[in-house]
Every structure is written in C-alpha cells, then in structure tokens.
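Architecture at a glance
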Amino acid sequence: MTNAIQRTELRTFYYTPVHCPFCGTRVMGADPVDETLITACPHTLFIAHDTAFEYRSERFDRNLDLHGLSDQEVEERWRGEAGGVDGFTNQVTLADAIKVAAYAPEPSPYGSYYGFAPTE
Ligand SMILES: [Zn+2]
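Anyway, here's the lowdown on the structure attached to this text. None of the values given here were measured: they were computed from a predicted structure.

In regular strands, side chains alternate between the two faces of the sheet. Here strand β2 (residues 44–49) pairs with strand β3 (residues 53–56) via three bridges, running antiparallel. Considered in β3, the bridge of A48 is made with F53.

Scanning all chains against the criterion turns up five aromatic pairs. With centroids separated by 5.5 Å and ring planes inclined at 50 degrees, the aromatic side chains of F53 and F60 adopt a geometry described as tilted. Through pairs of rings, three or more aromatic residues link up here, namely F46, F53, F60 and F88.

At 2.1 to 2.4 Å from the zinc ion lie its protein donor atoms, namely C20 (SG), C23 (SG), C41 (SG) and H43 (ND1). Relative to the metal, the four donor atoms surrounding the zinc ion lie at angles of 102 to 116 degrees, and the coordination shape comes out tetrahedral. Look at where the donors of the zinc ion fall in the sequence and you get C-x2-C-x17-C-x1-H. Taken as a pair, C20 in the loop between β1 (6–11) and β2 and H43 in the loop between β1 and β2 lie far apart in primary sequence, 23 residues in all. The residues C20 and H43 share a single accessibility class, namely buried.

In the Ramachandran plot, D65 falls in the positive-phi region, its phi being about 60 degrees despite a non-glycine side chain. Inspection of the secondary structure puts D65 in the loop between α1 (58–63) and α2 (71–79). Overall, the relative accessible area of 61% leaves D65 in the exposed class. Of note, the phi angle at D96 is positive, near 60 degrees, even though the residue is not glycine. Mapped onto the elements, D96 comes out in the loop between α3 (84–89) and β4 (98–103).

Hydrogen bonds between backbone groups are what pair the strands of a sheet, and the pairing can be parallel or antiparallel. The strand order across the open sheet built from five strands is β1-β4-β5-β2-β3, with neighbouring strands paired in mixed fashion. The sheet is open, and its two edges are formed by β1 and β3, each paired on a single side. On average, each strand axis in the sheet is tilted by 10 degrees relative to the strand beside it, whichever way the strands run. Inspection of the sheet shows β4 paired to strand β5 (residues 111–116) by six bridges, in the antiparallel sense. Residue pairing in the sheet places I98 in a bridge with F116 of β5.

Analysis parameters
- Within each chain, residues carry numbers counting from 1 in the order of the written sequence.
- A pLDDT threshold of at least 70 governs which residues receive local features in this predicted model, and a stricter bar of 80 or more applies before side-chain atom pairs are shown or counted, although totals over entire chains, interfaces and linings include all residues.
- Heavy atoms from the whole structure form the basis of all side-chain values; hydrogens and water molecules are not counted.
- Strands are treated as partners if at least two bridges between them are detected by DSSP.
- A run of H or I in DSSP becomes a helix once it reaches four residues, and a run of E becomes a strand once it reaches two; helices and strands are each numbered from the N terminus.
- Working definition: a ring pair exists when centres of Phe, Tyr or Trp rings (six-membered ring for Trp) sit within 6.5 Å. Plane angles under 30 degrees give stacked, over 60 give edge-to-face, the rest tilted.
- Water is not among the atoms examined, so metal sites may look incomplete; donors are the N, O and S atoms within 2.8 Å of the metal, or within 3.2 Å for Na, K and Ca.
- Geometry assignment treats four donors as tetrahedral when all angles are between 85 and 135 degrees, treats four as square planar and six as octahedral when opposite donors are over 155 degrees apart and all others between 65 and 115, and treats everything else as irregular.
- Relative accessibility under 20% of the residue-type maximum defines a buried residue, over 50% an exposed one, and the middle range a partly exposed one, all with a 1.4 Å probe and only protein chains included.
- Lines fitted to C-alpha atoms define the axes, with helix axes restricted to the stretch in contact, and inter-axis angles between N-to-C directions lie between 0 and 180 degrees.

Structure representation (structure tokens):
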C-alpha cells in the first residue's frame, strides 16, 4: 500500500505564516522586507500556488518522477491533472508526508500548497 500524503486545509490568507511541522522553520513570510520570499528547510518537499511551483525539492522530483524535466515540462505535467497543482501534489507517496493547503478568503479560490516530509 502506498502512503498518500496527509492533507490539511486552512481557510486563511495567502501569506499565512506556515511553519515546517518537523523543525519549525517558517517557510513563507519570514522575511519582513519581502513577504513573498520562501525559506525552504530540509523537510520542505514543495511550495506551490495554483499558478506555479515556487520550490521543488530533489525528493519531490524523484517521488513524482520529475527528475531532469524542465520547469515547462513539469508545468505540462501538472496542468494535465484534473486537480491542477493541488491534485498533482496529492500524488506524493513519501512516508509521513504532510501537505498544507491554504486558501484565500472567498470569493477567491486561490490556493497555496506546502509539502513536508521527515528526512530519511
Ligand atoms: Zn523542517
């Protein structure tokens, strides 16, 4: 049996202070000057929005067989999924992987997705 990533959904703002559940690193919004900067820790698998990936780790690329693909080829992969980036990142099978999906308030359906997994 494959381990599906555990998904947690938050109805919160885009720049929510998401922290890694394994080491506590604040991966988004940690920089007071530029809140859009990301700070990936060793557990971060991916950071994405509905429109693009901002960060993909080696482990994520290996797990979803993206290794060696260009950013454009990766985009073609997830755009071909029914659920877009959200559905695509649900396919992660790394052990104990956790995903946080944070959505902007209604009526905007805009989502941000953060994936984490313990290091091996
Ligand atoms: Zn971490």
